[in-house]
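# An overview of the molecular structure
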Protein chains: 2
Amino acid sequence: MNLKWVARETAKTVQNYLTYQAVRIAIDQLNETNPGLAIWLRQHSANNNFQDAEAYIEGLLLANKELGLRIMTVREELAQTALDFLTERVRSSIHEANIEHRRHLLERMTQSAPPTSSPPAESSHPELDLNEPTDRSID
Amino acid sequence: MNLKWVARETAKTVQNYLTYQAVRIAIDQLNETNPGLAIWLRQHSANNNFQDAEAYIEGLLLANKELGLRIMTVREELAQTALDFLTERVRSSIHEANIEHRRHLLERMTQSAPPTSSPPAESSHPELDLNEPTDRSID
């Protein structure tokens, strides 16, 4: 596996994601101060899946310079304030999710084994802490 | 803006993305060793957008336990090896992309100003380093 490539693509994914969040934040703020512009930004962004944030920003700067600059500022603020310990968060979250999946699998295998040979059920938490779907569309 | 929420959702996004990359790596490896299973995994994953990686893994463990465990192992390895300096990468990448967008914008504004008042054009790089689209579908 090409780790450098995965590292670069992961950073790009986060950059795209923060841009998407910046747009959502701007729409929320405009809903209060300028509802008409909020509707415009929502419609302008509706068909964008934010898999190429730089092309989105470039297009927004052409359509509405002030909004484009605003999104750029917000995403840079988000990058400065919301990414502390990101690597550690992801590592521990994947590690814990994997433990939960293995525990769940073991429970299923134990339950399907003959009852006479199965050990007493441990006190555990079969419910998975499933992530909620992350919908990237602005709607 | 709710920074804790953005931080949590960003970590979840990276977790989903590394799971997607783990599936791609597994398919590439299986293409060499077990092409039939590679096709099966590709088809099984084709309609998944990896916005809920834990539900995907849970489903894969039910359909093919060994492959599910393999994806879990690969994504944990990716998290351990490919995420160093992720926060710093994203911060500097967004900062540099914003500088490029502002430079590009300034050039456009300068070019559209009356020629008599426009200063000599600086040597600059109008080409944006646009990200390539990140296609999350397995196809």
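What comes next concerns the included structure. (Residues numbered from 1 in each chain as written. Chains lettered and ligands numbered in written order. Predicted model: local features only at pLDDT ≥ 70, side-chain atom pairs only at ≥ 80, totals over all residues. Heavy atoms only, no water.)

### As for the pattern of salt bridges
A full pass over the atoms with the stated rule returns ten salt bridges over all chains. The closest approach of N and O atoms between R108 of chain B and E58 of chain A, which form a salt bridge, is 3.2 Å. Here R108 of chain B, found in helix α5 (residues 86-112), pairs with E58 of chain A, found in helix α3 (residues 53-63), and the two come from separate chains. Given the relative accessible area of 24%, R108 of chain B is considered partly exposed. For D84 of chain A, the salt bridge is made with R91 of chain B, and the minimal N-O distance between the two is 2.8 Å. Note that D84 of chain A is positioned in the loop between α4 (65-81) and α5 (86-112) and R91 of chain B in helix α5, a pairing that runs across two chains. (Salt bridge = Lys/Arg side-chain N within 4 Å of Asp/Glu carboxyl O. Helix = DSSP H or I, 4+ residues; strand = E, 2+ residues; numbered from the N terminus. Buried < 20%, exposed > 50% of the residue type's maximum accessible area, 1.4 Å probe, protein only.)

### Comments concerning α3 of chain A
Buried within α3 of chain A are the following residues: A53, E54, Y56, I57, E58, L60 and L61 of chain A. Along its buried surface, α3 of chain A packs onto α1 (3-33), α2 (35-45) and α4 of chain A together with α5 of chain B. (Contact = heavy atoms within 4.5 Å.)

### Topic: the interface of chain A and chain B
Taken residue by residue, the interface counts 66 residues in chain A and 66 residues in chain B. Regarding the contact of chain A and chain B, the summed buried area is about 6500 Å², with carbon and sulfur atoms giving 58% of it. Taken together, the links from chain A to chain B amount to four salt bridges. Applying the counting criterion to the chain A and chain B interface returns 26 residue pairs in polar contact (both at pLDDT 80 or more). Looking at the side of chain A that touches chain B, the elements with two or more residues in it are α1, α3, α4 and α5 of chain A. At 18 residues, α1 of chain A tops the list of elements feeding residues into the side of chain A that touches chain B. (Buried area = accessible area lost by both parts, 1.4 Å probe. Polar contact = N/O pair within 3.5 Å; in protein donor to acceptor, adjacent residues only side chain to side chain.)

### Some thoughts on α5 of chain B
One turn of the α-helix equals 3.6 residues, which is why residues spaced by three or four share an orientation. Its 27 residues place the ends of α5 of chain B 39 Å apart at the C-alpha level, agreeing with the 39 Å of an ideal helix rising 1.5 Å per residue. Taken as a whole, α5 of chain B has its buried residues at L86, T87, V90, R91, I94, A97, N98, E100, H101, H104, L105 and E107 of chain B. Among the structural elements, α1, α3, α4 and α5 of chain A together with α1 (3-33) of chain B are those in contact with the buried residues of α5 of chain B. (Expected span 1.5 Å × (residues − 1).)

### Brief notes about the packing of α5 of chain A against helix α4 (residues 65-81) of chain B
Direction vectors running N to C along α5 of chain A and α4 of chain B enclose 165°, while the axes themselves pass 9 Å from each other. Judged on the interaxial angle alone, α4 of chain B and α5 of chain A are roughly antiparallel. Here the hand of the crossing between α5 of chain A and α4 of chain B comes out left-handed. Two secondary-structure elements touch here, α5 of chain A through R91, I94, H95, A97, N98, H101, R102, L105 and M109 of chain A and α4 of chain B through K65, L69, M72, T73, R75, E76, A79 and Q80 of chain B. In terms of residue class, the contact of α5 of chain A with α4 of chain B is made up of seven nonpolar, five polar and five charged. (Axes fitted to C-alpha atoms, helices over the stretch in contact; angles between N-to-C directions. Parallel < 35°, antiparallel > 145°, perpendicular 65-115°, else oblique. Left-handed = near helix turned anticlockwise from the far one by under 90°. Nonpolar A, V, L, I, M, F, W, Y, C, P; charged D, E, K, R; others polar.)

### Describing the environment of T33 of chain B
Residue position: T33 of chain B is located in helix α1. As for T33 of chain B and E100 of chain B, which are separated by 67 residues in sequence, their C-alpha atoms are 45 Å apart.

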